[in-house]
Amino acid sequence: MRFVLAIVSFVAAALLIGLGIAQKTILAAPDEITVSTSVATDAPVTVVSGEALNAYPRSQFVQISGSDENFVAYGRTSDVIAWIGDASYNTVSYDATAAELESDLTEGTEDEVPNPADSDLWLASYTDQASMTINVPEDFSLLVVSDGVKPAPSEVSITWPVDNSTPWANTFVVAGGILLVIGLVLLFWAVAHIRKSRGPRRKSPQKMPKLPRQPRYKPIKAKKKELDANAKGRRAINSRVAIVPVVLVTALALGGCSADFWAGREPVAAPTASADPVADAEAAAQLDPPAVTEQQAKRIVADLVAVAAEADTGMNDDLIKTRLAGPALDLRLTNYAARRADGAIPAVEGIPEGKITLTLPQVTENSWPRAVLAVIEDTATAEDGKQVPPVAVMLIQDDPRSNYKAQYVIRLEPGAVIEGVAPASVGAGRLQLDSKFLVVEPQVVGADYGDILMVDSDSTSYDLFEAEGDSLRTDVGEGFKEGRKAAFPATSTLTFERAESKGPVVALSTNDSSALVTVDVNEDEIVKVVEAGAVANAPAAVKALTGKTTSAKGFRATYGYQLLFLVPSVETGGKIVLLGYTQGLVAASELP
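Everything quoted here is computed from the prediction, not taken from an experiment.

Visitor: Which residues make up the overall build of the chain, and what values do they have?
Guide: Within the chain, the regular secondary structure consists of 13 helices and 21 strands. Residues counted as buried form 41% of the 592 residues belonging to the chain. Sequence separation of 24 or more characterises 73% of the internal contacts of the chain that already satisfy a separation of 6 or more. In the form shown here, the chain has an accessible surface area of approximately 32,100 Å², with 55% of it arising from carbon and sulfur atoms.

Visitor: Please give an account of the nonpolar core that cites residues and values.
Guide: Of all hydrophobic cores here, the largest spans 25 residues; its most connected members are Val393 and Leu395. Elements supplying a minimum of two residues to this core: helix H7 (294-314), helix H9 (326-341), strand S12 (370-376), strand S13 (391-397) and strand S14 (405-412). Residues in contact with Leu395, not counting those within four places in the same chain, are Ile300, Val301, Leu304, Arg370, Ala371, Val372, Tyr404, Lys405 and Ala406. Of all hydrophobic cores here, the second largest spans 24 residues; its members include Ala124, Val156, Ile158 and Trp160.

Visitor: Can you lay out a negative patch on the surface for me, pointing to particular residues and giving the numbers?
Guide: A cluster of acidic side chains, namely Glu51, Glu100, Glu102, Asp104, Glu138, Asp139, Asp288 and Glu365, defines a negative patch on the protein surface. Element by element, the count of residues in the negative patch is highest for strand S6 (residues 100-106), at three residues. Within the fold, Asp288 resides in the loop between helix H6 (279-283) and H7. On the basis of relative accessibility, which here comes to 32%, the residue Asp288 falls in the partly exposed class.

Visitor: So what about helix H10 (residues 442-455)? Which residues, and what values?
Guide: The α-helix advances 3.6 residues per turn, and as a result positions three or four apart in sequence lie on the same side. For H10, the set of buried residues is Pro442, Val445, Gly446, Asp448, Tyr449, Gly450, Ile452, Leu453 and Met454. Asp456, located one to two residues past H10, shows a positive phi value of around 55 degrees.

Visitor: I'd like to hear about the pairing of strand S16 (residues 506-509), residue by residue, with values.
Guide: On any regular strand, side chains alternate: one points to one face of the sheet, the next to the other face. Neither face of S16 is exposed, since Val506 and Leu508 on one face and Ala507 and Ser509 on the opposite face are all buried. Hairpin connection between S16 and strand S17 (residues 515-529): a loop of five residues separates the two successive antiparallel strands, and Ser513 in this loop has a positive phi of roughly 70 degrees.

Visitor: Mind laying out the sheet that holds strand S5 (residues 89-95), listing which residues take part and the relevant values?
Guide: Spatially, S6-S5-S2-S9-S4-S7 is the arrangement adopted by the six strands of the open sheet, whose pairing is mixed. Only two strands of the sheet have a single partner each, and these edge strands are S6 and strand S7 (124-127). Taking each pair of neighbouring strands and ignoring which way they run, the sheet shows an average axis angle of 25 degrees. Pairing of strand S4 (residues 71-76) with S7, which is carried by four bridges, proceeds in the antiparallel orientation. What sits directly across from Ala73, in S7, is Ser125.

Visitor: Can you tell me about the sheet that holds strand S1 (residues 32-38), naming the residues and giving the values?
Guide: Read from one edge of the open sheet, four strands run S1-S10-S3-S8, paired in antiparallel fashion. The open sheet has two edge strands, S1 and strand S8 (131-134), and neither has a second partner. Each adjacent strand pair in this sheet contributes to an overall mean axis angle of 20 degrees, direction not counted. Here strand S3 (residues 60-65) pairs with strand S10 (residues 155-161) via five bridges, running antiparallel.

Visitor: Any chance you could break down the pairing of S6 for me, citing the residues and the numbers?
Guide: Strand direction decides the pairing type here: S5 and S6, joined by seven bridges, are antiparallel. Bridging across to S6, Asp95 finds its partner in Glu100. Where S5 folds back on S6, the antiparallel hairpin that results is connected by four residues, among which Ala99 adopts a positive phi of roughly 55 degrees.

Visitor: Can you lay out the packing of H7 against H9 for me, pointing to particular residues and giving the numbers?
Guide: The contact between H7 and H9 brings their axes to 10 Å, and the two run at 30 degrees. Classified by the angle their axes make, H7 and H9 are roughly parallel. Taken together, the residues of H9 that come into contact with H7 (itself represented by Ala311, Asp312 and Thr313) are Arg332, Tyr336 and Arg339. Residue composition of the contact of H7 with H9, by class: two nonpolar, one polar and three charged.

Visitor: Go over the side chain of Thr518 with me, naming the residues and quoting the values.
Guide: Tracing the chain through its elements places Thr518 in strand S17. On the basis of relative accessibility, which here comes to 1%, the residue Thr518 falls in the buried class. Among all residues touching Thr518, those that are not within four sequence positions of it are Met394, Tyr408, Ile410, Pro504, Val505, Val506, Leu563 and Leu564.

Visitor: A description of the environment of Pro151 should follow, citing residues and the corresponding values.
Guide: Inspection of the secondary structure puts Pro151 in the loop between strand S9 (140-145) and S10. The exposure class of Pro151 is partly exposed, given its relative accessible area of 35%. Each C-alpha atom, one on Pro151 and one on Tyr89, is 9.6 Å from the other, the two residues being 62 residues apart in sequence. Setting aside anything within four residues of it in sequence, one finds Pro151 in contact with Thr41, Asp42, Ala43, Pro44 and Ser146.

Visitor: How would you sum up unusual backbone geometry? Please name residues and give values.
Guide: The step from Trp368 to Pro369 runs through a cis peptide bond, and the omega angle for that step is 0 degrees. Residue position: Pro369 is located in the loop between strand S11 (356-361) and S12. Positive phi is not limited to glycine here, since Asp128 has a value of about 50 degrees. As for its placement among the helices and strands, Asp128 is situated in the loop between S7 and S8. Looking at Asp128, the relative accessible area reads 53%, which means it is exposed.

Visitor: Break down a nonpolar patch on the surface for me, with residues and values.
Guide: Nonpolar side chains collect at one region of the surface, where Met1, Val4, Leu5 and Val8 lie side by side and expose about 410 Å² of accessible area between them. In this fold, Val4 is placed in helix H1 (residues 2-24). Overall, the relative accessible area of 47% leaves Val4 in the partly exposed class.

Visitor: Residue-level account of the pattern of salt bridges, with values.
Guide: According to the stated counting rule, one finds 17 salt bridges in the structure shown. Residues Arg484 and Glu525 are paired through a salt bridge, measuring 3.1 Å at the closest nitrogen-oxygen approach. Residue Arg484 is found in helix H12 (residues 478-486), and its partner Glu525 is found in strand S17; the two are separated by 41 residues along the sequence. Through salt bridges that share partners, Arg76, Asp79 and Arg370 make up one connected network.

Visitor: Please provide a residue-by-residue account of the environment of Lys321, values included.
Guide: Here Lys321 lies in the loop between helix H8 (317-320) and H9. C-alpha separation for the pair Lys321 and Leu333, spaced twelve residues apart in sequence, amounts to 9.0 Å.

Visitor: Quick one: what's the story with the side chain of Arg339, residue by residue and with numbers?
Guide: Its location among the elements puts Arg339 in helix H9. In this structure Arg339 is buried but unpaired, with Asp312 as the nearest side chain of opposite charge at 5.4 Å. Separated by 3.0 Å, the side chain of Arg339 and the backbone oxygen of Asp312 make a polar contact. Aside from chain neighbours lying at most four places away, what touches Arg339 is Asp312, Thr313, Met315, Ile345, Pro346 and Ala347.

Visitor: Please set out the packing of aromatic side chains residue by residue, giving values where relevant.
Guide: Counted under the stated rule, the structure contains six aromatic pairs. A ring pair is formed by Tyr56 and Tyr94, whose centres lie 6.0 Å apart and whose planes are at 75 degrees; its orientation type is edge-to-face. Separated by 38 residues along the polypeptide, Tyr56 in the loop between helix H2 (50-53) and S3 and Tyr94 in strand S5 bring together distant segments of the chain. Exposure remark for Tyr94: the relative accessible area of 12% places this residue in the buried category. Considering the side-chain rings of Phe465 and Phe565, the 5.7 Å spacing of their centres and the 70 degrees angle between planes classify their relative orientation as edge-to-face. Note that Phe465 is positioned in the loop between H10 and helix H11 (471-476) and Phe565 in strand S20 (residues 554-567), a separation of 100 residues in sequence. In terms of burial, Phe465 and Phe565 fall into one category: buried.

Calculation notes
- Residues numbered from 1 in each chain as written.
- Predicted model: local features only at pLDDT ≥ 70, side-chain atom pairs only at ≥ 80, totals over all residues.
- Heavy atoms only, no water.
- Helix = DSSP H or I, 4+ residues; strand = E, 2+ residues; numbered from the N terminus.
- Buried < 20%, exposed > 50% of the residue type's maximum accessible area, 1.4 Å probe, protein only.
- Contact = heavy atoms within 4.5 Å.
- Areas by Shrake-Rupley, 256 points an atom, 1.4 Å probe, with all protein chains shown as cover.
- Core = buried A, V, L, I, M, F, W, Y, C linked by side-chain atoms within 4.5 Å.
- Patch = residues over 30% accessible without salt bridge, like charges linked within 9 Å, V, L, I, M, F, W, Y side chains within 5 Å.
- Salt bridge = Lys/Arg side-chain N within 4 Å of Asp/Glu carboxyl O.
- Lys, Arg positive; Asp, Glu negative; His and termini not counted.
- Charge placed at Lys NZ, Arg CZ, Asp CG, Glu CD.
- Pairing = 2+ DSSP bridges.
- Axes fitted to C-alpha atoms, helices over the stretch in contact; angles between N-to-C directions.
- Parallel < 35°, antiparallel > 145°, perpendicular 65-115°, else oblique.
- Nonpolar A, V, L, I, M, F, W, Y, C, P; charged D, E, K, R; others polar.
- Polar contact = N/O pair within 3.5 Å; in protein donor to acceptor, adjacent residues only side chain to side chain.
- Phe/Tyr/Trp six-rings, centres within 6.5 Å; stacked < 30°, edge-to-face > 60°.

Remember that the coordinates give geometry; whether it matters functionally is a separate question.
Encoded structure:
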């Protein structure tokens, strides 16, 4: 019976070990899935849909070929389609039935698109790179172009890694090893039992008769060394026979100590090289997503800072226009013109290269223009040793093919704190300019505050704004203006007038339904000669812009104020607070 059980154990062990080894070799599944397609149209753009990219779970390894040059980027599907506009494009989708990619052509009225390489819409981009590993959600798509004029690359291939782990294979091998040990034990036990039971079972009843004595002969004795060698050889063979199963079992037992050895245990995921740049976009729990992710905002602001620094140094009008617009651009272009005429005129305050402490993007699905408010920390220190307040920039993207440009670059007031706003992954709604939910409509905030700068407490809007902490009133308010007028010579007059403001009004909501509002206010400072034969002297910046040191008529200088307000909601109540401002000369001319 022991022999039978040993044989059964050996057979079961062989089956289990064989099955385990087969699962890891001839029965093993592939470790990746690859699908590809060829695009046979002349469309300048190919879009690989998020549905195709997510046909299988885990990251996507994309390969692009069929063109001498290529550009690949990914972004929100709605943004990708908006950027393509009226151009023809191919859409690569996944056919689940056939388990393959397919391509469809969408006819458009345009046969080419601009170079997408520098667009702010993309979360990540790759230039002249044949392959890349990405991990994007279904509402994101891949944009593939050559140079925007030539047909898009024709070959697209997507590969997904597949979990082909076989946890039961190692379990089978270990179980087989255990049965093998049990079989060996049963076998040794059976052999030992037979040896113990060997010998006669009863004694002979009488002695056997003696046989006749045979002649003696003397056997030839073997040499002692040969006998010892034969004995040692037999012991070595027996030792090896005993050691083989022990070594085999030990190896199998040690092999089962790996972390992914046992059935039901999840394999350890491989570490990723970096955080996915679309994580914030996936976390947005709302119907409309933010215009940009936090990662996009960092890249845009970094480019803004670099462009502004280079343009300020070289007084490059064309370069600064690539990242600034509106009131912020007017201030710098005027300053560049004055500095080119007079090198002693100081440059406009630069945009600091610091940490972004606040990112508040507008929420929108598929509409433009879009706005993003960012606050940049300034690590510089003032003359009094205190920390220089941060700078807020209001970035606006006019259309899908335009980049974000800073319409406002505003230095915050000392001690000003922007709080109570949603995180970048959620964003903020952009309010209508005539919104009735605020204590003052956004479109009239600038006019109301400009009236205070003119007449201070005589303004009908005076009680709507918080006076405490408002340093701009001290710098250019009614008291400053009256002091300037009183010091002016009798041969000329000095007057101040409201000038047209052309900057966009942007209102982004806060958590309590209040709003952060950026506006611009312009004022004309008019010096007019009133006495015959007298002349008016031009300040240095006005002289540099007009090319005149004096004038018998007078001068007009326009000063612009870029302003950031916190406007409370009707429900919250309270006064409008000036959070920051930037001022400077934006135009100058001689009176006609």
